[in-house]
Amino acid sequence: MPFDLAYYILSSVFVSICTFMDKKQRLLDTISPKNYLISLTPNLEKFTFLGEEELEFELLKATNVIKLHGVDLKVEKAVLFDSKNKLDGKVEYNKKEKTITFKFAKEISSGEKKLQITYSGIINDELKGWYKSVYEVNGKKKYLASSHFEEIGARQVFPCIDDPAAKAVFKFTLRIEKGLTAISNTLPISEKEDKGLKIIEFAPTPKMSTYPLVLIVGEFEANEKKAENGVLVRVLATPGKKHLTDFALSTASKMIVFYEKYFDIKYPLPKLDFIAIPDFDAGAMENWGAVTAREVAILVDNKKSAAVNKQWVATVIAHEISHMWFGDLVTLEWWTYLWLNEGFASYMEYIALNEFFPDWKIWEQFAVLTHNRALGMDSLENTHAIETEVTDLDKLPENFDEISYSKGASVIYMLASFLGEDKFKKGVREYLKKYSYSNATSEDLWTSLEKASQKPVRKIMHGFISSPGHPVILLEKKNNKLNLSQEKFFANPNMKSTKNSVWEIPFSAKDDSKTEKYLMDKKELAISYPNSWIKLNSEESSFVRVVYTKELYQLLKKPIEDKALSAIDRMGIIRDAFDGAEAGYLSSNFALDLANSYKNEDSYIVWVGLLGRLGKIETILQSTDLYPKFKEYGREILSGIGAKLGFEKLSSDTHGDILLRGMILSVLGRYEEKNVISKAQEIFEEFVKNKKIIDSDIRGAIYRIVAQNGKEREFEIFREMYIKEELHEEKNRIGAALVMFGDKNLVRKALEFSLSKDVRIQDIGRFIMIGFDNEVGAEVTWNFVKENWEYLIKKHEGQIGISWLIEGAANFTSKNLRDDFDNFFKKNPNVFLSRTIKQVLEKIDSNIAWATRDLDRLREFFKRV
């Protein structure tokens, strides 16, 4: 089509201009790195290191100045070599730009050069760059050094072009103490001793970017096996935890083979490590050949681990291994295309999980764990496009969110459903082969997928990738036809724009006899009015919401009750009904009435979707006289599934039943179901007094119920449990209980405990997030955050987990708290949280607007029930 061709040409020119501008800012206009030879000597007592570097590069134009990325490094000497000269460099630092400039007395001609640098640096405690992590062996405190280079941490360890487009070959040598283990992207090729140190030389890496490099030094135990494709797979943990690595090893060794076949590209390294790091900011990091992760994301205890955590470990492994191709082999050209890494890995993880754990019904879970999360974030005015131009790297951590991961995965799922799995896979293979050991953009992916499918991929994906937000399809009966119209969805109707947004929406519509496919590329579309019920966006395959007429909702009640609709469709209907109520399309009364059709529901994912939406109604009612009535309503809705599941595991339990039981018990406890509370307290007392083990899959629910109804005695029991516990998964459950007490003083005590030596920095945010979720503790938590802001921000600055410090405030419904939040951040602005602050305020405003609009209607509803 002429218009599409013109759009493609114009957008390609724009991308080229932006790329040129970015490269000037990114130091790529002068230097093209080829090879790095780096020798490092870490000191795990002083937490410093010495470095020697030899950088081979091409100088693109004559100059007497060479600028590299570098921060917190002290250069002792820099010498430039070319065919004619050996020049000493004068060093200048720019901490703001995070660069080191080397100035030379003579102009240097373009061509192949070599720069030798001697320098020193620090092993920090900031969970980025090269940082220290503490662990214990037989009661003795020890330290290891681990790296986290995404996005710009490599420059804290060696001078470099720290840019994903600046791919090069890296060869590391580590000089370490005897008895320690060194891990990097490749395997050692030599090991010798010199002056009491162990000298480990690693094989050169493939051509790669700086951010997936890894350097680890410490005491580790390895569990290893050869995968069927000959790759050595290892899972490493600190001493005493090797027995917790079996599940990860088994899973990783299978998935590496699966992905090799799926992508039709051999894994290019001889080994793949997974290393459990005690202190870690993100969930995991896809370092090529040596994935690092929190212990909770790798270690599984057959006696203590819950099914949900075992699933989480498998998910992390599936996600990170897919990155070996999507991210490491083919890398985003610049951080604007972050979603090419994270959105694809978040999609591919489900492909792999479905292959090896079919009984988990993982594609059903995709609808609530990924699709729904993305819809929530993308309902805000203060969201961002999947593809967002990045000009300020300080703000980049905010893009590691539900949009890049979950919306990215959701639109890929939509596209794969539209193209068909075979054509989608063919296009992905073409893309990966074409750009191996190189960099790519979204346009490059669209080209490969269009070539494979002969379908208008670029045209469909443009609206979903390039613009923030997503469409809602509204239904209306007109002249015996069903008229569909689309507009941009906003959770808060006060944000609604008058601008006409039109997406190209591929979707299917299902009734009691057939399923038909459509492509809605205009503002309106008319289809046949059904003789029975109709469900648009069948299987929730498109990234779109649907709001039906009341007549059509009534027709859907019976197929919901009879389960004639799939679990995904049943979930999608009730999700959109409640979200439609928040957005002002429906009343909350109507959504609550529709929820009565789910009393006999038994699907895990449907309950996740429904309870999440009931939780939003709960939020706006907590401070009103209707809250007791709401809890009564909630107990009634949950009575059937609560009785069916009970507290005890059944031989007939599915994976979904196991996941659902703990969630239902936890919510029934929150809704003050007396029988559930007394049974939970009884189970806990048996555990405390007689050491009777609590089933790991309901343990978190038991802890929370006991805490919500507990006093000082229970608090102290939990605190001592937390201090003594070694398994991080269990620590997380106990920590969640500590901030769920119904006594404000105990909530405050728990938050203060989170700043003690017994809680790792990575976990402070979890305490705060859960504290905000406690109806009694929300304001206490906010006051705690304000009072400790300087300390909290110092410990979390630049980390992905920084948003946990304030995200929970989105539950506020008070204008006074809203204004206090706003005023605090006007006085304490923070570049790492600028978007998050706006999102929290927008969510609070939505809560207040919703309550103002629907409170009288809700009062009438609860009079009738």
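Throughout, a residue's number is its position along its own chain's written sequence, starting from 1. For this predicted model, a pLDDT threshold of at least 70 governs which residues receive local features, and a threshold of 80 or more governs which side-chain atom pairs are given and counted, while totals over whole chains, interfaces and linings are taken from all residues. To obtain the side-chain values, all non-hydrogen atoms of the structure were used and water was disregarded.

Check the secondary structure of the protein and you find 25 helices and 29 strands. For the radius of gyration, the atoms used are the C-alpha atoms, and the globule rule reads 2.2 Å times the number of residues raised to 0.38. Since a compact globule built from 865 residues should have a radius of gyration of about 29 Å, the 28 Å found for the protein is in line with a globular shape. In terms of principal-axis extent, the alpha carbons of the protein reach across some 90 × 75 × 55 Å. Relative accessible area decides the class of each residue, using a 1.4 Å probe on protein chains only: under 20% of the type maximum gives buried, over 50% gives exposed, and in between gives partly exposed. Across the 865 residues that make up the protein, the buried fraction comes to 60%. Within the protein, residue pairs in contact and separated by at least 24 positions form 71% of the contacts whose partners lie at least 6 positions apart. Exposure was quantified through the Shrake-Rupley algorithm and a 1.4 Å probe, taking into account, for residues, occlusion by the shown protein chains and nothing else. When the accessible area of the protein is evaluated, it comes to approximately 34,000 Å², of which 49% is carbon and sulfur surface. Counting 123 positive and 126 negative side-chain charges, the protein places the centres of these two groups 1 Å from one another. Here a helix means four or more residues in a row that DSSP labels H or I, a strand means two or more in a row labelled E, and each is numbered from the N terminus. Contact definition: two residues touch when any of their heavy atoms are within 4.5 Å. His is not counted, nor are the chain ends; Lys and Arg add positive charge and Asp and Glu add negative charge. Charge positions are represented by NZ for Lys, CZ for Arg, CG for Asp and CD for Glu.

This part is about the packing of helix 17 (residues 696-708) against helix 19 (residues 728-738). Packed helix pairs are characterised by how far apart their axes lie and by the angle those axes make with each other. As a packed pair, helix 17 and helix 19 sit with axes 8 Å apart at the nearest point and diverge in direction by 20°. Judged on the interaxial angle alone, helix 19 and helix 17 are roughly parallel. When the axes of helix 17 and helix 19 are compared, the crossing they make is right-handed. Residue-level inspection shows S696, R699, G700, Y703, R704 and A707 of helix 17 in contact with helix 19, the latter providing E730, R733, I734, A736 and A737. Classification used: nonpolar for Ala, Val, Leu, Ile, Met, Phe, Trp, Tyr, Cys and Pro, charged for Asp, Glu, Lys and Arg, polar for all others including Gly. A per-class count over the contact of helix 17 with helix 19 returns 5 nonpolar, 2 polar and 4 charged. Here an axis means a line fitted to C-alpha atoms, over the contact stretch when the element is a helix, while the angle between two N-to-C directions is reported on a 0 to 180 degree scale. Small angles under 35 degrees read as roughly parallel and large ones over 145 as roughly antiparallel, with 65 to 115 read as roughly perpendicular and the rest as oblique. The hand of a helix crossing depends on one turn: near helix anticlockwise from the far one by less than a right angle means left-handed, and clockwise means right-handed.

This part takes up the environment of D273. With respect to the helices and strands, the residue D273 is situated in strand 18 (residues 271-277). Judged by relative accessible area, D273 falls into the buried class, the value being 0%. Beyond its immediate chain neighbours, meaning those up to four positions away, D273 contacts I183, S184, R234, L236, G289, A290 and V291. N or O atoms within 3.5 Å of each other form a polar contact, as long as, within protein, one can give a hydrogen and the other can take it, and as long as residues adjacent in sequence are counted only when both atoms are side-chain atoms. Of the polar contacts made by the side chain of D273, one reaches the side chain of K271; its length is 2.6 Å.

With that settled, the discussion passes to the packing of aromatic side chains. Only centres within 6.5 Å qualify two rings of Phe, Tyr or Trp (six-membered ring in Trp) as a pair; their planes then separate them into stacked at under 30 degrees, edge-to-face at over 60, and tilted for everything else. Under the criterion given, the structure shown has 61 aromatic pairs. Seen from their ring centres, Y347 and F424 are 5.6 Å apart, and the 75° between their planes marks the pair as edge-to-face. Pair noted here: Y347 is in helix 4 (residues 338-356) and F424 is in helix 7 (residues 421-434), with a separation of 77 residues, a long-range link. F424 matches Y347 in its accessibility class, with the two residues each being buried.

Keep in mind that these numbers describe shape and distance, not what the molecule does.
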